Every structure is written in C-alpha cells, then in structure tokens.
There are 2 protein chains.
Amino acid sequence: LWIGDDAAIVHGTTGELLVTADAVVAGVHADLALSRLDNFGWKALSAAVSDIAAMGGRPLHCVVTVLVPPDTRLELLFAGLIDAAVAWACPIVGGDLSNAPEIAVSVTVNGATDAGTAVRRSGARPGDSLFVTGPVGGSAAGLRLLRAGADRNAAEVRAHLWPLARLGEGQAARQSGASAMIDVSDGLSIDLHRLADASSVGFELDEVPVAPGADLEEALGGGEDYELVIAHGDPEALRRAFEQAGLRPPIRLGQCVEDLNERTFEGQPLARLGFEHRLET
Amino acid sequence: LWIGDDAAIVHGTTGELLVTADAVVAGVHADLALSRLDNFGWKALSAAVSDIAAMGGRPLHCVVTVLVPPDTRLELLFAGLIDAAVAWACPIVGGDLSNAPEIAVSVTVNGATDAGTAVRRSGARPGDSLFVTGPVGGSAAGLRLLRAGADRNAAEVRAHLWPLARLGEGQAARQSGASAMIDVSDGLSIDLHRLADASSVGFELDEVPVAPGADLEEALGGGEDYELVIAHGDPEALRRAFEQAGLRPPIRLGQCVEDLNERTFEGQPLARLGFEHRLET
C-alpha cells in the first residue's frame, strides 16, 4: 500500500488533469459507533472519486493520508480503502500515516479527461434541464435506520455504509454535452444552489425522486448520496447517452431559469438544506 | 484559495508525474505552544515539496486538506501555506476544509520530471559516494532553543520554524546522474538507513556536518532538516553540477559498501536514530 520512495512515480497524462481532495473525520463525517472502519475507508476514497465523476472524468490514481490514534484497527480501515480503490479502478500509489487524537482520512485523487472537456459547476444556462442520476435521501435514511438498530445489510443502510461514485454517469453526461454538473455530497438542495450560484442561474424543480425508505426532507437535505446533478441543454441527448451506456435513465428535476433569485420546488422557495461542514468559501 | 468546482482542472504533463502526500498533526509533528500556525502551514507544504525535491523533480501544484477545531486562526495557517506555495512555485489548486478535534494539515503535491529520470531511494551501489546538501541538526537545535525561551528570529530557531525544500539541489543532483536520494525528514541516520535498505547496500560515514548551535546527536537523529542525502557514482560530476547551478557545495559523508549490514560512522555501528512517527512500512 505505501510507497517506498519519497513520491510515487506514475505516467503523466496529456489531457486535462483533474485534482481533488476530500477529508473524512470521525465524529464529523462518520459516527464510528454506527459504521465500521472499512465503511470509513470506503467512504473517504469513494467521496473523492465522486468529485472526479462530477467533472465527467476518470480516476487515474490516488494518495491517502491516514491519521489514527494508537490501537486503531488499521487492517479494517485499509480493507475499505483498498476495496474502493479496486471498485473505482483508482489505485493507491502513495500516502502518509501518522498518529493523531482522532481518526481522519484524506484522499487526493488525480483524474483525467480529454483537454477542454471537464464539466464545471458554472456552465448551466437558463432553459437547461436539470437531472439527477438516481433517487436521493437513501444515505440519510440508512443512517436514521442504523441509529434505530437496523441491520447493516438492509438496502437503505447499505446506501449509507457503501456509497457509490457515479463514474459511468459522469462520463456519459460529459460526452453528451452536459453544461454543468455537481455531486450530491452535502444535500440535493444545497448542492443545487451551489451549481446555480456558480452558473448565475435560478431553478424551478417539479420533482424530487425520493429513495426507498427516505422522506422528502432526507431527499432534499440528507447528503452523501453521491448521485450527480446534471444540467443539460439537450435532454434527449443525455437520455440517449445513458441508454447507450446501459445506465439507469436520468431523472428530470426541473429546469434552470434566468432569474438567479428564483430557486423553487413545486412553486415554493427552496431553502439551502444540507450540510455546510465543508466550510467552502 | 479554495476551488469552486468538485476538482481542479490543471494542465497534464507528458513526462513522469510524481505524487506525494505529507501530513502534519499538532501535538505529533509540531508543538503549537512553541511555533505559530503560519509555521505549521509553511512546514506542512514545504515538507511535501521536499519529497518532490528528493526525487529530483519540480513541483507542479498541490492540494491541501485542513482539519481544524472551531476558532482556529485560519488566516494565519493559510498565510503560512500560501507563503510556502509562493516560495516553492507550487500553487494550491484545491483542497478540503473540515472541523476536527485537533489541527492537522495534509498536503498532496503533484510534481514532474522528464520520463525515466526520477531519482529513487533504491539506486545506490557499492562504491557510490554519499553526500548531504548542508549541515544537519539545525531544526532540532532550534526546537531545543525555543523550549529554552529563545527568540523566534535566532538563526537556529528559524531553521526549525521555516524549513527549506532543496529543489535546486535535487534537480542538479538528478541531472548530474545521482544514483539514489532521500530527504532528511526524520533524522540523517534513519533516513540514511532507509536509503541503504532500499538499495541493499551498507555505508561507511567519515564525517557528519553539524549545523551551528546543534550537537552531534541532533545532527544524527534530529530530523526535519530537509537537506537531501545523495548517492552518486561520480562525485566530481555532482560537485560541478552544484557549482554551475550556484548552489552550496555538497558535503561528503562517506560511501556505500557492499555489505548491507555494515552501517558505520567513524568505524562504529550507527543506530537508526530519528523519528519513526510516520510508521512507514
């Protein structure tokens, strides 16, 4: 797992390099009384890979910094990291390991796309349709059920413990000409607001797909679903691209509008529901 | 400082990509009762850049994960990070910021060299000369003086608070054909042992240059000097390359020998003095 040199040596890429970092801290992003260390490792790496998915990229490799108190079950944490690295074809090429008072894992992923094609948050235009790659709120519902004592293998609980990065969806969206994209890490509502802020548009939502077992509040503000929100000027092209790639059809949420202060769901103003723990500025 | 997209978009590189991660944790790697948050940020970024220097590479950019308790003076921490990013021409292109019970900063640096030219730890051969780019023990001496109440501006204390990455030295060593290289992050002795382990050689040291104000123990085991240890089959070529680049002459330590169990300083066995906090395997 750990490199023998001061830095890992990997092949360069001639296209665009996508670089992202994501930290998961015990007690902030995960409750280790409810989830295990393999879930923690899986989530840390998958959340970072999801950022590459949200640009329409493919992961190349990652480096992992692991901070742990003495006596942490490192083998379980590493097992989750390695499972995710295999699942997302994102080999761990290096990292650092240190003692710390609390468990924290930081993952930096280098990804790639063809030059000039990465999908930003800022490209949505009035009139673009808004889609999401799947129902949301499943992770929040799973956490609620875990707290109530549910089995780790219940479908909703698995959505919380083993979140998926939507790499195929992100690449199909990019190739079909998506104008903007973001992953639902902190909540559908807040992440939609962020996309709209970056694009200087408003939005009108008609429908929010609620995951089985979740309620509407969890769907709007739950976070950690890692589905992708996609803005697209040609909805049919997006649907065709998903069908050709064998992916679930994207679900239409509504559309972007010119008035950037109009941010509604079923005609009512939509608050910025979700987590702000990332303190983004 | 922080990116607006899920990932930063940067130019790719056709040569070799060097990837390294380094974490600095308050209470483990730095005592914030003695050093300030700008020193903490400077050290975190500089230590990671030093890993690129130790491969003979140049930094391209970095991403920074900052974990802090509420009420941390982020502007001071960021000032140190930004000063180091400017000093090493290593722009911060992204990162993550989260709450945590203790301050920890993790920096991932992407660097580059021409394909096939990165200098590993493992290339030293019996008969190669061993050099270090400067006297060592200055950081440990500075920490000792700080604990005794010395002024922050004393030269030895500055070596501890504002360590330098030896980028020019690393590149000159690579271009002149260095066979192996490592940076002195955990102690000259332990880092020499690591280079020798990776290269399957022993070593005989004749001389260890002790930094002003430091003692021999600090020079051998102090760590955090970030000078480079260089193995080279052609000492004159190395000296010429340093002279042509306007660098201080490299200081000869001794030579590599075939018997990998022979690890001596002035004829006596040299213990693995230094920090093991990185838990490298």
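Structural data are supplied above this passage.
Residues numbered from 1 in each chain as written. Chains lettered and ligands numbered in written order. Predicted model: local features only at pLDDT ≥ 70, side-chain atom pairs only at ≥ 80, totals over all residues. Heavy atoms only, no water.

*Asks:* Got a sec to walk through the sheet that holds strand β4 (residues 104–113) of chain A? Specific residues and values, please.
*Replies:* Pairing is mixed in the open sheet, where eight strands are placed in the order β3(A)-β2(A)-β4(A)-β1(A)-β1(B)-β4(B)-β2(B)-β3(B). Looking at strand neighbours, the two that pair on one side only are β3 (92–99) of chain A together with β3 (92–99) of chain B, the edges of this open sheet. Averaged over all adjacent pairs, the angle separating strand axes in this sheet is 20°, with direction ignored. (Pairing = 2+ DSSP bridges. Helix = DSSP H or I, 4+ residues; strand = E, 2+ residues; numbered from the N terminus. Axes fitted to C-alpha atoms, helices over the stretch in contact; angles between N-to-C directions.)

*Asks:* Provide a residue-level description of helix α1 (residues 37–53) of chain B, including the pertinent values.
*Replies:* With 17 residues, α1 of chain B extends 24 Å between its outermost C-alpha atoms, agreeing within 8% with the 24 Å of an ideal straight helix rising 1.5 Å per residue. Of all 17 residues in α1 of chain B, 17 are buried; the element is thus mostly enclosed. (Expected span 1.5 Å × (residues − 1). Buried < 20%, exposed > 50% of the residue type's maximum accessible area, 1.4 Å probe, protein only.)

*Asks:* Can you break down the environment of E236 of chain A residue by residue, with the values?
*Replies:* Residue and element names in this part refer to chain A. As for its position among the elements, E236 is in helix α8 (residues 235–244). Accessibility expressed as a relative area gives 43% for E236, which makes it partly exposed. Here the alpha-carbon distance between E236 and D191, two residues 45 residues apart in the chain, equals 24 Å.

*Asks:* How would you sum up the sheet that holds strand β5 (residues 129–132) of chain B? Please name residues and give values.
*Replies:* Strands in a sheet are paired, the pairing made by backbone hydrogen bonds, and the direction either parallel or antiparallel. Residue and element names in this part refer to chain B. Judged by pairing direction, the sheet is mixed, and its seven strands sit side by side in the order β6-β8-β5-β9-β7-β10-β11 without closing on themselves. Each of the sheet's edge strands pairs with one partner strand only, and the pair in question is β6 (180–183) and β11 (268–269). In terms of strand pairing, strand β7 (residues 202–205) meets strand β9 (residues 251–257) through four bridges, oriented antiparallel. Of the residues in β9, the one forming a bridge with E204 is Q255. Along the sheet, helix α5 (residues 167–175) makes contact with β6 and β8 (228–232), crossing β8 at roughly 10°. (Contact = heavy atoms within 4.5 Å.)

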